[in-house]
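Examination of the molecular architecture
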Amino acid sequence: MSTAELAADALAGRLAPEVAPAPQGVPRRRRIPGSATEPLPVRACSGEVLGRQVVVRHQERRPHELEAPSLRLTRRGRMLVSFVSVLVFGSAIAVLGLRIAGVLDSGPDFSSTVPVQVAPGQSLWSIAQETNPDQDPTLVIEKIAELNQLSGPADLTPGQTLQIPIAR
């Protein structure tokens, strides 16, 4: 018998009692001393042993101080909040500036009216397009209905005279 076989037999004999019998069909695993499965000895050392004063902060707090901590923003969170607020306020200033400059006009300014007699087959849409070709017909139709107290397109009859607003 070789020395390797003798060492294996000796090792198997020494470790065999510590190993629980494995069920049939499952290979038996040996426990090796100093392996990762065995817990390592741990020595604890407090600050008092080292000559330092130990202060336990969580026991010194009063009950009202043990409440949940308040919200804290990280650097990224602060940057995000700053960016969003600048974006909102910048947009508000831009819209207000464009409104004052007249770029964002609230609609056409209808300064005068013209009487128009409705011909057979004409609709409010065709009248609005003929009288105000540069304006949105829906806005002109709303203004026509408001000036002539029309509740709908069915109120329009041929031969009727309407006051049509003209935008400048």
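Residues numbered from 1 in each chain as written. Predicted model: local features only at pLDDT ≥ 70, side-chain atom pairs only at ≥ 80, totals over all residues. Heavy atoms only, no water.

Re the pattern of salt bridges
Definition in use: Throughout this description, the term salt bridge denotes a Lys or Arg side-chain nitrogen within 4 Å of a carboxyl oxygen of Asp or Glu. Numbering of helices and strands runs from the N terminus, with a helix taken as a DSSP run of H or I at least four residues long and a strand as a DSSP run of E at least two residues long. Any residue under 20% of the maximum accessible area for its type is buried, any over 50% is exposed, and the rest in between are partly exposed; the area is computed with a 1.4 Å probe on protein chains only.
In this structure the tally under the stated criterion is 1 salt bridge. One salt bridge connects Lys-143 with Glu-146, and the closest N-O pair in it is separated by 3.7 Å. Here Lys-143 pairs with Glu-146, and both are found in helix H5 (residues 137-147), just 3 residues apart, close to one helical turn. Lys-143 sits in the partly exposed class, given a relative accessible area of 25%.

Describing helix H4 (residues 124-131)
Quick reminder of the rule: Each direction from the helix axis to a C-beta atom contributes to the arc, which is the arc of those directions. The contact definition used throughout considers only heavy atoms, calling two residues in contact when any of these lie within 4.5 Å.
Among all positions in H4, only Leu-124, Ile-127 and Ala-128 are buried. Each buried residue of H4 lies within a common arc of 100° when the element is viewed along its axis, so the set occupies one face. Against the buried residues of H4 lie H5 and strand E2 (161-167).

A word on a nonpolar patch on the surface
Let me state the cut-off plainly: Within the patch definition used here, like charges are joined within 9 Å and nonpolar side chains (Val, Leu, Ile, Met, Phe, Trp, Tyr) within 5 Å, considering only residues with over 30% relative accessible area and no salt bridge. Computed with a 1.4 Å probe, the accessible areas rest on the Shrake-Rupley method; for each residue, only the protein chains presented here act as cover.
A contiguous nonpolar surface patch, about 620 Å² in accessible area, is contributed by Leu-80, Phe-83, Val-84, Leu-87, Val-88 and Phe-89. As for its placement among the helices and strands, Leu-87 is situated in helix H3 (residues 75-101).

Examining the UniProt feature "transmembrane region" (unreviewed entry) in the protein
Applicable threshold: UniProt positions are given in the numbering used here, feature names are shortened, and annotations may be inferred rather than shown by experiment.
The positions that UniProt labels "transmembrane region" (unreviewed entry) are, in the present scheme, residues 80-101. Annotation note: span residues 80-101, helix share 100%, strand share 0%, distance between end C-alpha atoms 31 Å.

A word on the packing of H4 against H5
Geometrically, a packed helix pair is captured by the angle between its two axes and the distance between the axes. Our working definition: Only the contacting stretch of a helix is used when fitting its axis, a line to C-alpha atoms as for every element, and angles between N-to-C directions run 0 to 180 degrees. Note on angle classes: values under 35 degrees are labelled roughly parallel, values over 145 roughly antiparallel, values of 65 to 115 roughly perpendicular, and the remainder oblique. Classification used: nonpolar for Ala, Val, Leu, Ile, Met, Phe, Trp, Tyr, Cys and Pro, charged for Asp, Glu, Lys and Arg, polar for all others including Gly.
One way to put it is that H4 packs onto H5 with a least axis distance of 9 Å and a crossing angle of 110°. Regarding the angle of H4 to H5, the classification is roughly perpendicular. Residue-level inspection shows Leu-124, Trp-125, Ala-128 and Gln-129 of H4 in contact with H5, the latter providing Pro-137, Thr-138, Val-140, Ile-141 and Ile-144. Looking at the contact of H4 with H5 residue by residue, the classes come out as 7 nonpolar, 2 polar and no charged.

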